[in-house]
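Here is how the chains run, residue by residue.
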Amino acid sequence: MQEFDIVVIGGGPGGLAAAYGLHAKGMNVAVVEKDLWGGTCPNRGCDPKKILMAAVETQAHSEALQGHGLSGVPQIDWTALMAAKRAYTEKIPSGTHSGLKSAGIATFHGTASFNADGTLTVGDDQLNAANWIVATGQEPRIPAIKGSEWLNTSNEFLDLDSLPADITLMGAGFVGVEIAAIANAAGSHVHLIHHSDRPLRAFDADLVHDLMDRLAADGIDVQLDTDITAVSPADDQYQVTTATGESWTTGMVLATAGRRPVIDDLHLDRIDVVTTAHGITVNGQLQTTNPHVFALGDVVDRPQPKLTPVAGFEGRYLAETLTTCDSPAIVYPAIPSVVYGKTQLAQLGVSPEMATIQADRYQVKDLDLTHWYSYQRIQDPHARIKVVVDRTSQNIVGAAILSTEAEQVINYLDFVIQNHMSSADISQTIMAYPTLASDLGYFN
Ligand SMILES: Cc1cc2nc3c(=O)[nH]c(=O)nc-3n(C[C@H](O)[C@H](O)[C@H](O)COP(=O)(O)OP(=O)(O)OC[C@H]3O[C@@H](n4cnc5c(N)ncnc54)[C@H](O)[C@@H]3O)c2cc1C
Ligand SMILES: NC(=O)c1ccc[n+]([C@@H]2O[C@H](COP(=O)([O-])OP(=O)(O)OC[C@H]3O[C@@H](n4cnc5c(N)ncnc54)[C@H](O)[C@@H]3O)[C@@H](O)[C@H]2O)c1
């Protein structure tokens, strides 16, 4: 039996933030990882996705300037782009593991499983700890349809040797919309199929509608209120069938219908940790129903979006609070969400929809940005922002933006909201001009 102060299960961004923080406070820490050290984000999530997106964004900027000083749209070389992605991702697991080892954090590679006596088995190793942190993340959910065994996921897409000429995505959430943008820009014909009329439900409905129009204008076959009911092999392709009997042949079908918590192997029932279909139940201190077991990151059942910076924030919170008594509950700052692509959709703070419901408290400014200098310069065809302003303080408290530059603007607004600033406050800062940052003072 090997004894530790804390054992962290899951070597992703959340687990690693907790492990390094607790180690820095003098704790004897071990981390267990069953697959790739570094977890989803750097191996098969945010980072490889955004490497592919670099080509998409550059192509989109060039496309917008056709007839405005550029001629010829660059084409994506999938093989070379995938090689660039792999050159980055292949170093992640060994680099992450050696970072832990050189810091003096114990590591175990294998699937962790709790025993009824509260200890942990990892292969041939038996571990015991005063406290445990479960940070095992999520994995793609495979819908139970006829032929579900033929469905692939974002894991396979982000490591494809060659891109099929036709690809079908089942679900228009974050993953589906981003993969649609990449595959479309790289030359594949994309079917983006969503079962309801409300894709990207967490985002402003008007801007989502605008985004769907943009995707359709780019040549993506966007079908809402459509259920894929069966997938079957057809020669070296697949036949997709919908509930209304429509069908087509496609080179690959991806389940992009959401993700599920990775908890099956842990046997959490043996140690009285309660879970739901959405993940592990925790209190405000991220403590589970077993007082010695904590959980963080994507595996937790909580309303905050499941994003890398949120997992890291929770890891740092636990590193701080596990070493103190009677710690205060975690308080999340405003959390920006961005759907990347040729056109980016971003949102932060009080949503325009919520602000409209509470109209006596908030004002929503719906601004067409296409004629603003920053967007004319790059010929951004559909830039629009909704800014939420608190009527009493005049502070900006929320925003939703659709534009090729949304990821930058939302991060500037994150600082504005975090620092309780109004446009008048922003005007007291001299920004480099003309830039997206110098636009901030004009938002109300
Ligand atoms: C395609 C895609 C794109 C994304 N893009 C973005 C983005 O642009 N921005 C963003 O902020 N977020 C993005 N995300 C979400 C982001 O990847 C996650 O929020 C983040 O990785 C969560 O970190 P985590 O530490 O909670 O879990 P994970 O990173 O999933 O790590 C959990 C680790 O636990 C391990 N594990 C599981 N069970 C066991 C066990 N029994 N024993 C031992 N180890 C175990 C797993 O192998 C895994 O390595 C994306 C996700 C996907 C799938
Ligand atoms: N840019 C980013 O920050 C980014 C990118 C990718 C993923 N993520 C994170 O990962 C999480 C998971 O992303 P995701 O896209 O897998 O899930 P998601 O929940 O965002 O989207 C899945 C969508 O599929 C729909 N769906 C469910 N069943 C379906 C079916 N049978 N047919 C068609 N559609 C169906 C759901 O209604 C939902 O809208 C996100 O919530 C986000 O937190 C973030």
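Keep in mind that this is a model prediction, so the values were computed, not measured. (Residues numbered from 1 in each chain as written. Chains lettered and ligands numbered in written order. Predicted model: local features only at pLDDT ≥ 70, side-chain atom pairs only at ≥ 80, totals over all residues.)

*Asks:* Would you take a moment to explain the sheet that holds strand β19 (residues 337–339) for this structure?
*Replies:* Neighbouring strands of a sheet are bound in pairs by backbone hydrogen bonds; such pairs are parallel or else antiparallel. Read from one edge of the open sheet, five strands run β19-β20-β23-β22-β21, paired in antiparallel fashion. Of all the strands in the sheet, just β19 and β21 (362–368) have a single pairing partner and so form its edges. In this sheet, adjacent strand axes meet at a mean angle of 10 degrees when their direction is disregarded. Where β21 lies against strand β22 (residues 384–390), seven bridges are found, and the strand directions are antiparallel. Directly across from D368, in β22, lies its bridge partner R384. (Pairing = 2+ DSSP bridges. Helix = DSSP H or I, 4+ residues; strand = E, 2+ residues; numbered from the N terminus. Axes fitted to C-alpha atoms, helices over the stretch in contact; angles between N-to-C directions.)

*Asks:* Help me out: how do you make sense of the site of ligand 1 in this one?
*Replies:* The local shell around ligand 1 holds 35 residues, among which G10, G12, G39, G137 and G297 are the closest. The class makeup of the residues in the shell around ligand 1 is 14 nonpolar, 14 polar and seven charged. (Near = placed C-beta within 6 Å. Nonpolar A, V, L, I, M, F, W, Y, C, P; charged D, E, K, R; others polar.)

*Asks:* Can you walk me through the UniProt feature "binding site: FAD" (unreviewed entry) in the protein in this structure?
*Replies:* UniProt tags K50 and D298 as "binding site: FAD" (unreviewed entry). By the secondary structure assignment, K50 is in helix α3 (residues 46–64). Classification of K50 by C-beta neighbours within 10 Å gives partly exposed; the count is 16. Topologically, D298 is positioned in the loop between β18 (293–295) and α9 (308–321). Apart from the residues within four sequence positions on either side, D298 is in contact with G137, Q138, K306 and A311. (UniProt positions renumbered as here; feature names shortened; annotations may be inferred. Buried ≥ 20, exposed ≤ 12 C-beta atoms within 10 Å, placed from the backbone. Contact = placed C-beta atoms within 7 Å.)

*Asks:* Is there a simple way to think about unusual backbone geometry in this case?
*Replies:* Generally, phi is negative for residues other than glycine and the peptide bonds are trans, each holding for most cases. A cis geometry characterises the amide bond from Y433 onward to P434, with omega recorded as -5 degrees. Counting through the fold element by element, P434 comes out in the segment after α13 (423–426). Its identity as a non-glycine residue notwithstanding, Q379 has a phi of 55 degrees, on the positive side. Note on Q379: 17 C-beta atoms within 10 Å, which makes it partly exposed.

*Asks:* Help me understand the site of ligand 2 in this model?
*Replies:* In the vicinity of ligand 2 lie 23 residues, with G171, G173, F174, V175 and A257 positioned nearest. Of all the elements, helix α7 (residues 174–185) adds the most residues to the shell around ligand 2, at four residues. In the shell around ligand 2, the residues fall into eleven nonpolar, eight polar and four charged. Both domains that meet at the shell around ligand 2, namely domain 1 (2–139 + 260–321) and domain 2 (148–257), each give it at least three residues. (Domains from an automatic or database assignment.)

*Asks:* I'm lost on the sheet that holds strand β12 (residues 237–242) in this one. Help?
*Replies:* Strand order in the open sheet made by the three strands is β11-β12-β13, with antiparallel pairing throughout. A strand with exactly one partner marks an edge of an open sheet, and here the two such strands are β11 (228–234) and β13 (247–250). On average, adjacent strands in this sheet sit at an angle of 25 degrees to one another, irrespective of strand direction. Note: β11 against β12, six bridges, orientation antiparallel. Bridge pairing in β12 places V231 opposite V240.

*Asks:* Would you mind going over helix α8 (residues 205–217) with me for this structure?
*Replies:* Its 13 residues place the ends of α8 18 Å apart at the C-alpha level, agreeing with the 18 Å of an ideal helix rising 1.5 Å per residue. L207, V208, L211 and L215 are the residues of α8 that are buried. For α8, the angular spread of the buried residues around the axis is 100 degrees, confining them to a single face. Just downstream of α8 lies G219, where phi reads positive at about 105 degrees. (Expected span 1.5 Å × (residues − 1). Arc of directions from axis to C-beta.)

*Asks:* Explain the environment of L345 here, please?
*Replies:* Within the secondary structure, L345 sits in strand β20 (residues 344–349). The class for L345 is buried, based on 26 C-beta atoms found within 10 Å. For the pair L345 and D272, spaced 73 residues apart in sequence, the C-alpha to C-alpha distance is 41 Å. Residue contacts for L345: discarding those within four places in its chain leaves L200, F203, L207, V208, L211, V339, L402 and A406.

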